[in-house]
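Chain residues, written in single-letter form:
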Amino acid sequence: MKGDRHAVLTVDGKQFKLPIQSPTIGPDTIDIRRLYGEAKCFTFDPGYTSTASCESKITYIDGEAGELLYRGYPVEQLAEHSSFLEVCYLLLYGELPSAKQLEDFECRVTNHTMVHDQMNYFFRGFRRDAHPMAIITGVMGAMSAFYHDSTDISDPKQREIASIRMIAKLPTIVAMAYKYSNGQPFIYPKNELNYAANFLRMCFKVPPQQYKVSPSVSKALDRIFILHADHEQNASTSTVRLAGSSGANPFACIAAGIACLWGPAHGGANEAALLMLREIGTVDRIPEFIKRAKDPNDSFRLMGFGHRVYKNFDPRASIMKQSADEILDEIGSENKPALLVARELERIALEDDYFRSRRLYPNVDFYSGIILDAIGFPTEMFTPIFALSRTVGWISQWKEMIADPAMRIGRPRQMYVGESHRRYVPVAERPG
Ligand code: SDX
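Residues numbered from 1 in each chain as written. Predicted model: local features only at pLDDT ≥ 70, side-chain atom pairs only at ≥ 80, totals over all residues. Heavy atoms only, no water.

Attention now goes to the overall build of the chain. Along its length, the chain carries 18 helices and 6 strands. Computed over its C-alpha atoms, the radius of gyration of the chain comes to 24 Å, within 12% of the 22 Å expected for a compact globule of 432 residues. Viewed in the frame of its principal axes, the chain has a C-alpha envelope of about 75 × 70 × 55 Å. Considering the chain as a whole, with its 432 residues, one finds that 47% of them fall into the buried category. For the chain, contacts bridging at least 24 residues in sequence account for 70% of all contacts bridging at least 6. Surface accessibility of the chain: about 21,900 Å² in total, with carbon and sulfur atoms responsible for 53%. Positive and negative side-chain charges in the chain, numbering 50 and 51 respectively, have mean positions lying 5 Å apart. (Helix = DSSP H or I, 4+ residues; strand = E, 2+ residues; numbered from the N terminus. Rg over C-alpha atoms; globule rule 2.2 N^0.38 Å. Buried < 20%, exposed > 50% of the residue type's maximum accessible area, 1.4 Å probe, protein only. Contact = heavy atoms within 4.5 Å. Areas by Shrake-Rupley, 256 points an atom, 1.4 Å probe, with all protein chains shown as cover. Lys, Arg positive; Asp, Glu negative; His and termini not counted. Charge placed at Lys NZ, Arg CZ, Asp CG, Glu CD.)

Here we take up the sheet that holds strand β4 (residues 59–62). The pairing of strands in a sheet comes from backbone hydrogen bonds and takes either a parallel or an antiparallel form. Across the sheet, 3 strands lie side by side as β4-β5-β6; this open sheet has antiparallel pairing. Either end of the sheet is taken by a strand with one partner, and the two such strands are β4 and β6 (73–74). As defined by bridge partners, β4 adjoins strand β5 (residues 67–70) across 4 bridges and the pair is classed as antiparallel. Residue pairing across strands places Y60 opposite L69, the latter belonging to β5. (Pairing = 2+ DSSP bridges.)

Close contacts around the ligand come from 23 residues, with H231, H307, R308, R316 and R390 the closest. H266 is positioned with one of its side-chain polar atoms (N or O) 2.9 Å from an oxygen atom of the ligand. The separation between an oxygen atom of the ligand and a polar side-chain atom of N363 is 2.9 Å. (Near = heavy atom within 4 Å. Polar contact = N/O pair within 3.5 Å; in protein donor to acceptor, adjacent residues only side chain to side chain.)

Scanning the model with the defined rule gives 21 aromatic pairs in all. Plain terms: the ring middles of Y89 and F105 are 5.6 Å apart, the flat faces sit at 90 degrees to each other, and that makes the pair edge-to-face. Here Y89 is found in helix α3 (residues 84–93), whereas its partner F105 is found in helix α4 (residues 99–110), with 16 residues between them in sequence. A residue is classified by how much of its surface remains accessible, and Y89, at 12% relative accessible area, is buried. Ring centres 6.1 Å apart and planes at 90 degrees place the aromatic pair Y93 and F105 in the edge-to-face group. Separated by 12 residues along the polypeptide, Y93 in helix α3 and F105 in helix α4 bring together distant segments of the chain. Note on F105: relative accessible area 1%, which makes it buried. (Phe/Tyr/Trp six-rings, centres within 6.5 Å; stacked < 30°, edge-to-face > 60°.)

Looking now at the pattern of salt bridges. Counted by the stated rule, this structure contains 20 salt bridges. R5 is the partner of D28 in a salt bridge, and the nearest nitrogen-oxygen pair spans 2.8 Å. Taken together, the residues span a long stretch of sequence, with D28 in the loop between β2 (14–21) and β3 (29–30) and R5 in the segment before β1 (6–11) at a distance of 23 residues. On the basis of relative accessible area, D28 is assigned to the partly exposed category, the value being 37%. Its salt-bridge partner being R223, residue E326 comes within 3.7 Å of it at the nearest N-O pair. (Salt bridge = Lys/Arg side-chain N within 4 Å of Asp/Glu carboxyl O.)

Ranked by internal contacts, the top residues of the largest apolar core, which has 119 residues, are Y70, F199, L277, L302, I370 and F377. In terms of residue count, helix α7 (residues 156–181) provides more of this core than any other element does, 13 residues in total. (Core = buried A, V, L, I, M, F, W, Y, C linked by side-chain atoms within 4.5 Å.)

In terms of strand pairing, β1 meets β2 through 6 bridges, oriented antiparallel. The partner of H6 across the bridge, within β2, is P19. The turn linking β1 back onto β2 is made up of 2 residues, and D12 within it adopts a positive phi angle of 50 degrees. Direction of pairing for β2 relative to β3: antiparallel, over a ladder of 2 bridges. Within β3, the position partnered with I20 by the bridge is I30.

Pairing is antiparallel across the open sheet formed by 3 strands, whose spatial order is β1-β2-β3. The sheet terminates laterally at β1 and β3, the two strands that pair on one side only.

All right, on to helix α15 (residues 336–351) then. Between its first and last C-alpha atoms α15 spans 23 Å; for 16 residues at 1.5 Å apiece the expected length is 22 Å, and the two agree. The set of residues buried in α15 consists of A338, L339, V341, A342, L345, E346, A349 and L350. All buried residues of α15 fall inside an arc of 160 degrees around its axis, so they share one side. When the buried face of α15 is taken as reference, the exposed residues oriented beyond 90 degrees from it are L340 and E351. Of the surrounding secondary structure, the elements contacted by the buried residues of α15 are α12 (269–280), α13 (286–294), α14 (315–331), α16 (353–357) and α17 (364–375). (Expected span 1.5 Å × (residues − 1). Arc of directions from axis to C-beta.)

So, about a nonpolar patch on the surface. A contiguous nonpolar patch, built from F44, M415 and V417 and spanning about 380 Å² of accessible area, is present on the exposed surface. The topology assignment puts M415 in the segment after α18 (382–402). On the accessibility criterion, M415 (53% relative accessible area) is exposed. (Patch = residues over 30% accessible without salt bridge, like charges linked within 9 Å, V, L, I, M, F, W, Y side chains within 5 Å.)

Glancing now at the environment of R223. Position of R223 relative to the elements: it lies in helix α9 (residues 215–227). The spacing of R223 and H81 is 142 residues in sequence and 9.8 Å in space, taken between C-alpha atoms. Side chain to side chain, R223 and S323 meet in a polar contact 2.6 Å long.

Keep in mind these values describe shape, not function.
Take a look at the structure:
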């Protein structure tokens, strides 16, 4: 029977039966929870390439097929037909909302878009040239100091209000970080606008002038939010889960996720990818950078290329590539050279054996920066926008974990390769 399947591990002649569990879709898992207790040995998997850290019903990725599902729905269908707040509802509660449910959810989020006014003083403690990621990491962590009434993780009602607050306030906080960095006054949310339009207005409106949101730009940004919303147990989501497993309040957990996302190997790649495309500058310089990317002695990598899970096209990159075309045709931008370089770089790389043999394809970060730049965002705003989008994914995964009665604090072990026991030597007896 399927339920009785198990793997047999032999250690020094002794056999250990390890149950095999079957998922809805995807690879089977070998349950090794009893391994250390029975065999007194650890498994070793730095980078967790072969390790499932949890059960989840939220997002499924088939890296071989280049497939991404949110609660079973292909991301391509959601990007084409849904809205970011509808996707937020789907990720948080597991089903697409009815018209009434969606209206209620949008209303709840809209009514929490303002931040505590005292936060304005918190922002003023930063230097004007602080990276927006440094600011939003600090502000998110500080939110537990402003919203004490939603920090008790054992209370489902408080978990819910904290979730709504973070989804609603992240656009306001990210826009405030942008305004603060360019010396312009903060713009309050305008609740008759939709989520993406409100964010655009808070970023680009200045008091002396009216600001009219372009529907196509707002739609393109909403689609970018959808494409970044969740992605299984990536580094920042795993960080949120690990922080949450200690019982830390939700704001602290999401702040930890934001900090992790900042790394250039993760969410910081969208900023790095556009800067790389600009550094390449023209199509004729591509071979020089391809050569560097392939050189094992050169730390340079093609930013926006490669993925731990996708060994095929990242479906998000394909949608983003189409969106980049549409946006640049619509609003035009001096960024066309970057798009031309990106397309030619992708073509050349995908014909090169180094990339093909390692199954390196463009990922979500390869084209997103081109769109965000064309809309008018500076590169340092790209990762904050990724964080804004991913907050709903982090929260959904955190809620799933906290609600699991089997939840335990995450505490990996190690393979110790340092010094074994030795005696303390007084400084007077040490050589040298
Ligand atoms: C995101 O996990 C997620 O789901 C993340 C994310 C999400 O939505 O949350 O999808 C978002 O983080 C996307 C990834 C963004 N990062 C980048 O674009 C940075 C550039 N990419 C790489 O640094 C790398 O591809 C990673 C970090 C994304 C994946 O690294 P892995 O899986 O640890 O792969 P690896 O470093 O072991 O590389 C395998 C081989 C190596 O060559 P060899 O040692 O076999 O000779 O491929 C090479 C690497 O040198 N390689 C690259 C490369 N990526 C991998 N060579 C050149 N350019 C690259 N981009």
